[in-house]
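Spelled out, the chains give:
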Amino acid sequence: MEKVIIALRRADTDDAWCERMRGDVAGDLLGLGLPGLAINVRDAVVRDSLMTMTTLAPPVVGFVTVWAHQYYGEAMTAAISRLASEAEHVDAYLVTESVPLPAPLTAEGARTDGFANIALLRRPEDLDEATWLRRWHIDHTPVAIETQSTFGYTQNAVVRALTPTAPAIDAIVEELFPEAALSDLHAFFDATDDDELNRRMTRMVASTSAFGANRDVDTVPTSRYVYRTPFVVDNRLG
């Protein structure tokens, strides 16, 4: 099983586009028989979030995450082709997935509680890959969980781009936060007062700075919808 994340970029978006992504587009992608599908969109719930940071033009307005038997197979090719009419740029990346904090299960196609903050990271040129991964995965992971109100945390290291014009990025991180964190730093960092907020922010900034995640980063608050997952285990006997 292979995981592919597709970033959709366009100059503007509205709720009609988001509804089409969740409806007609999701239905078409499910019809391809892909083992897993999730769609994240920048809709009215999250559009004014304080957590937005953008370096790309046009910006990312949504993500389609698929699990496929072959990243080069017909279903994957058809999925990328179907999405080409929905955005100015369709940027697909083959990734490896680590899940330090699994997201709660939701009903198929239902909106996940809170919001998903998705970050696009670039590895600094002065950090070799082994050092960068150690500082990100080993050193930073517990800091991220301990200093924020995160209730789901997925790390995707980019193996390579699958579309020829995709911008160079090295990682795609998805963190789930309560809805209050869209506009309240205290809620985002799970801090009860200003002193605790400052302590948590200081610790977080020091940790992200160590592997370059404090600069040249895109963060995209989204509403998250999971339509199919290949990882649900049926524990029934017989």
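The text that follows walks through the structure, step by step, so that each part is easy to find. Since this is a predicted model, take the numbers as computed values, not measurements.

The next thing to look at is the packing of aromatic side chains. A full pass over the atoms with the stated rule returns five aromatic pairs. With 5.1 Å between their ring centres and 90° between their planes, Tyr71 and Tyr72 make a pair best called edge-to-face. A residue is classified by how much of its surface remains accessible, and Tyr71, at 24% relative accessible area, is partly exposed. For Tyr72, a relative accessible area of 55% translates into the label exposed. On the numbers, 5.2 Å between centres and 65° between planes, the contact of Phe188 with Phe189 is edge-to-face. Neither Phe188 nor Phe189 differs from the other in exposure class; each is buried.

The subject of this paragraph is the pattern of salt bridges. Taken as a whole and assessed by the stated rule, the structure comprises ten salt bridges. Close ionic contact of Asp28 with Arg82 constitutes a salt bridge, the shortest N to O distance being 2.8 Å. Of the two residues, Asp28 sits in helix α1 (residues 15-30) while Arg82 sits in helix α2 (residues 74-83), which places them 54 residues apart along the sequence. Assessed through its relative accessible area of 40%, Asp28 is described here as partly exposed. Overall, the relative accessible area of 21% leaves Arg82 in the partly exposed class. Between Glu146 and Arg203 there is a salt bridge, with the nearest N and O atoms lying 2.8 Å from each other. Highlighted residues: Glu146 in helix α3 (residues 129-147) and Arg203 in helix α5 (residues 194-209), separated in sequence by 57 residues. Salt bridges linked by common partners bring Arg20, Asp28, Arg82 and Glu86 together as one network.

Thresholds, definitions, all that
- Residues numbered from 1 in each chain as written.
- Predicted model: local features only at pLDDT ≥ 70, side-chain atom pairs only at ≥ 80, totals over all residues.
- Heavy atoms only, no water.
- Phe/Tyr/Trp six-rings, centres within 6.5 Å; stacked < 30°, edge-to-face > 60°.
- Buried < 20%, exposed > 50% of the residue type's maximum accessible area, 1.4 Å probe, protein only.
- Salt bridge = Lys/Arg side-chain N within 4 Å of Asp/Glu carboxyl O.
- Helix = DSSP H or I, 4+ residues; strand = E, 2+ residues; numbered from the N terminus.

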